[in-house]
Amino acid sequence: VELCLLIAMFVYAKRKENDFLMVAKAIQLNGVLSDSRANKLGNLGVALQEALGGAHQITAQKSVKIASLNGLVDELLLIIDRPILVVSLTGSILNFSAKAQEKTGCKQGDALSDIAPGISIKEAIQNAAHTRAAVQQDTHIVCMPVFSATGTLSFFLIDLSDQPIVSKVMENVKHLI
């Protein structure tokens, strides 16, 4: 009797393990857990389904926020009257203002080194890591670091103006110092 009970418990445990592995694989492939698979796991399945639902909702909210911020950047670049490039940390041009496109002929995906060879993205990253401030390179080009909400350097705004906005601001406040 005890042996039969032990075998039955082992078979039941093996089925539950297989159900759990099947659910884990389904979640990995689809990112969701169907009701039928959740029911096979009982309370654990219900808890997993609730957690996945919450994670999915947070992911959707973050996606909307990212899309909104991308739209904001696009709109700002449309109305700005300066040659501004948005550049990744690898030196790839992500976006640009109309003035920057006029001045350089750049397009998305171009390498910054092809458009403005006097700029060292590596040097800009090193300076930004230490100063967290805009840095002038070449004779007039300003690299403005942009940080994420968590403080991670995300990309650069590169002002290609003959007189960058940072220089204009400094000139305007010199008399106050």
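Just so it is clear, the structure is predicted and the values come from calculations on it, not from any experiment. (Residues numbered from 1 in each chain as written. Predicted model: local features only at pLDDT ≥ 70, side-chain atom pairs only at ≥ 80, totals over all residues. Heavy atoms only, no water.)

## Some details on the overall build of the protein chain
In plain terms, the rule: The helix and strand labels rest on DSSP assignments: H or I over at least four residues marks a helix, E over at least two residues marks a strand, and numbering proceeds from the N terminus. Radius of gyration: C-alpha atoms only; globule rule: 2.2 Å multiplied by the number of residues to the exponent 0.38. All accessibility values rest on the Shrake-Rupley procedure with a 1.4 Å probe; residue burial counts only the protein chains present in the view. We score Asp and Glu as negative and Lys and Arg as positive, and we do not count His or the chain ends. To locate a charge, take atom NZ for lysine, CZ for arginine, CG for aspartate or CD for glutamate.
Helix and strand counts for the protein chain stand at seven helices and five strands. Along its sequence from the N terminus, the protein chain presents helices and strands in the succession α-α-α-β-β-α-α-α-β-β-β-α. A compact globule built from 177 residues should have a C-alpha radius of gyration of about 16 Å, whereas the protein chain, at 27 Å, is more than 25% larger. Summarising its shape, the C-alpha atoms of the protein chain cover approximately 95 × 35 × 30 Å along the three principal directions. Carbon and sulfur atoms provide 61% of the accessible area of the protein chain, an area that totals close to 12,000 Å². Taking the average location of the 16 positive side-chain charges in the protein chain and that of its 16 negative ones, the two points are 6 Å from each other.

## A few points about the side chain of S161
Inclusion rule: Residues adjacent in sequence count toward polar contacts only when both atoms are side-chain atoms; beyond that, a polar contact is any pair of N or O atoms within 3.5 Å, and within protein one must be able to donate a hydrogen and the other to accept it. Contact criterion: two residues are considered in contact whenever any of their non-hydrogen atoms come within 4.5 Å of each other.
If you trace the backbone, S161 turns up in the loop between strand 5 (153-159) and helix 7 (165-174). A distance of 2.6 Å separates a polar atom in the side chain of S161 from a polar atom in the side chain of D159. Those residues in contact with S161, other than ones at most four positions away along the chain, are R82, P83, K103 and H140.

## Examining the confidence of the model for the protein chain
Detailed reading of predicted coordinates is not advised where the pLDDT is low. This is how it is decided: Think of pLDDT as the predictor's per-residue confidence, scored from 0 to 100.
With 91% of its residues at a pLDDT of 70 or more, the protein chain shows a mean pLDDT of 83. No element of the protein chain has a lower mean pLDDT than helix 7, at 50, and none a higher one than strand 2 (residues 93-96), at 94. Scored below 50 in pLDDT, residues 172-177 makes zero contacts in the model with residues more than four places away or belonging to other chains.

## Some remarks on the layout of surface pockets
To keep things clear, this is the line we draw: Cavities and pockets are defined on a 1 Å grid built over the protein atoms alone: a cavity is a set of grid points where a 1.4 Å probe fits but cannot escape, while a pocket is an open set with protein on both sides within 12 Å along at least five of seven lines, and lining residues are those with an atom within 4 Å of any such point. Grid points are joined across faces, edges and corners, and a volume is the space filled by probe spheres set on the points. Three residue categories are used. Nonpolar comprises Ala, Val, Leu, Ile, Met, Phe, Trp, Tyr, Cys and Pro, charged comprises Asp, Glu, Lys and Arg, and polar comprises the others, including Gly.
Quantified by volume, the largest pocket comes out at close to 740 Å³. As for the largest pocket, its lining consists of 23 residues, of which L69, N70, V73, V146 and F155 are closest to the centre. By residue number, the principal contributor to the lining of the largest pocket is helix 3 (residues 43-79), which donates ten residues. Taken together, the residues that form the lining of the largest pocket break down as 16 nonpolar, four polar and three charged.

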